Amino acid sequence: RDDHWNAIASGFLTGGVLAARGGWKAASRNAVIGGVLLAIIEGVAALLIRSTSKTPREMALEQMEQEKQMKAYQERADSGQVTGMQSYIEYAQAATGFGGKAEATTE
């Protein structure tokens, strides 16, 4: 199992075991320090992950926008409005969501 409590307990036990030869006082002090240190590290990691990850709603909206762009690209490609390198670039933009909407270029 990979959760925050596992890491905190491991830090607590490791700190205590490594200082066991110094007696109960040193072992308990180092166990608490190890647990607190790992709790701080896990807390910061959880905050970073939460702040940088997208919510399921944001991911669904992004996927819907990409599908809309891909459909528009497919319609343009089927009608022959895009060719060659322009076709590749617009396909990549539509597939990744980068580059905004693909606009038709008529000559």
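Since the model is a prediction, treat every value here as computed from it, not as a measurement.

Caption draft 1: Focus on helix α3 (residues 56–79). In a regular helix each residue adds 1.5 Å, so 24 residues correspond to 34 Å; α3 covers 35 Å between its end C-alpha atoms and thus fits that length. Inspection of α3 places Gln69, Met70, Tyr73 and Arg76 among the buried residues, and these make up the whole buried set. At the C-terminal side of α3, Gly80 shows a positive phi close to 85°.

Caption draft 2: Broad picture of the environment of Ser28. By the secondary structure assignment, Ser28 is in helix α2 (residues 24–52). Taking the relative accessible area as the measure of exposure, Ser28 reaches 40% and is therefore partly exposed. From its side chain, Ser28 meets the backbone oxygen of Lys25 in a polar contact 3.0 Å long.

Caption draft 3: Representation of a nonpolar patch on the surface within the structure. Together, Phe12, Leu13, Val32, Val36, Ile40, Val44 and Leu48 make up an exposed nonpolar region whose accessible area comes to about 650 Å². Residue assignment for the nonpolar patch shows that the elements contributing at least two residues are α1 (4–18) and α2. Ranked by residue count, the leading element in the nonpolar patch is α2, at five residues. Note on placement: Leu13 falls in helix α1. With a relative accessible area of 53%, Leu13 lands in the exposed category.

Caption draft 4: Looking closely at α2. Over its 29 residues, α2 runs 42 Å from end to end, which matches the ideal 42 Å to within 8%, given 1.5 Å per residue. Along α2, the residues that are buried comprise Ala26, Ala27, Ala31, Gly34 and Gly35. Where α2 is buried, its residues contact α1.

Caption draft 5: Broad picture of the confidence of the model for the protein chain. Overall, the predicted model of the protein chain reaches an average pLDDT of 83, with 80% of residues at or above 70. Note on residues 102–107: pLDDT under 50 across the span, and nine contacts to partners over four residues away in sequence or across chains.

Caption draft 6: Focus on the pattern of salt bridges. Per the counting criterion, the structure on display carries two salt bridges. Between Lys68 and Glu65 there is a salt bridge, with its nearest N and O atoms 3.5 Å apart. On the criterion of helical spacing, the pair formed by Lys68 and Glu65 is a turn pair, its members being three residues apart in helix α3. Classification of Glu65 by relative accessible area gives partly exposed; the value is 30%.

Parameters at a glance
Here the residue numbers are simple positions, counted from 1 along each chain's written sequence. Side-chain atom pairs in this predicted model are given and counted only at pLDDT of 80 or more, local residue features only at pLDDT of at least 70, and totals for whole chains, interfaces and linings cover all residues. Only hydrogens and water are set aside; all other atoms, that is, all heavy atoms of the structure, feed into the side-chain values. Where helices and strands are cited, they refer to DSSP runs of H or I of at least four residues and of E of at least two residues respectively, numbered from the N terminus. By this rule, a helix spans an expected 1.5 Å times one less than how many residues it contains. Each residue is placed in one exposure class: buried if its accessible area under a 1.4 Å probe, protein chains only, is under 20% of its type's maximum, exposed if it is over 50%, and partly exposed if it falls in between. Nitrogen and oxygen atoms within 3.5 Å of one another constitute a polar contact, given that in protein one can donate a hydrogen and the other can accept it, and given that sequence-neighbouring residues count only through two side-chain atoms. The patches reported here contain residues having more than 30% relative accessible area and no salt bridge. Joining distances are 9 Å for like charges and 5 Å for nonpolar side chains (Val, Leu, Ile, Met, Phe, Trp, Tyr). Using a 1.4 Å probe, the Shrake-Rupley method yields the accessible areas, and only the shown protein chains count as cover for residues. For this document, the term salt bridge refers to a Lys or Arg side-chain nitrogen within 4 Å of an Asp or Glu carboxyl oxygen. By definition in these notes, contact holds between two residues if any of their heavy atoms fall within 4.5 Å. pLDDT measures how confident the predictor is about each residue, on a scale from 0 to 100.

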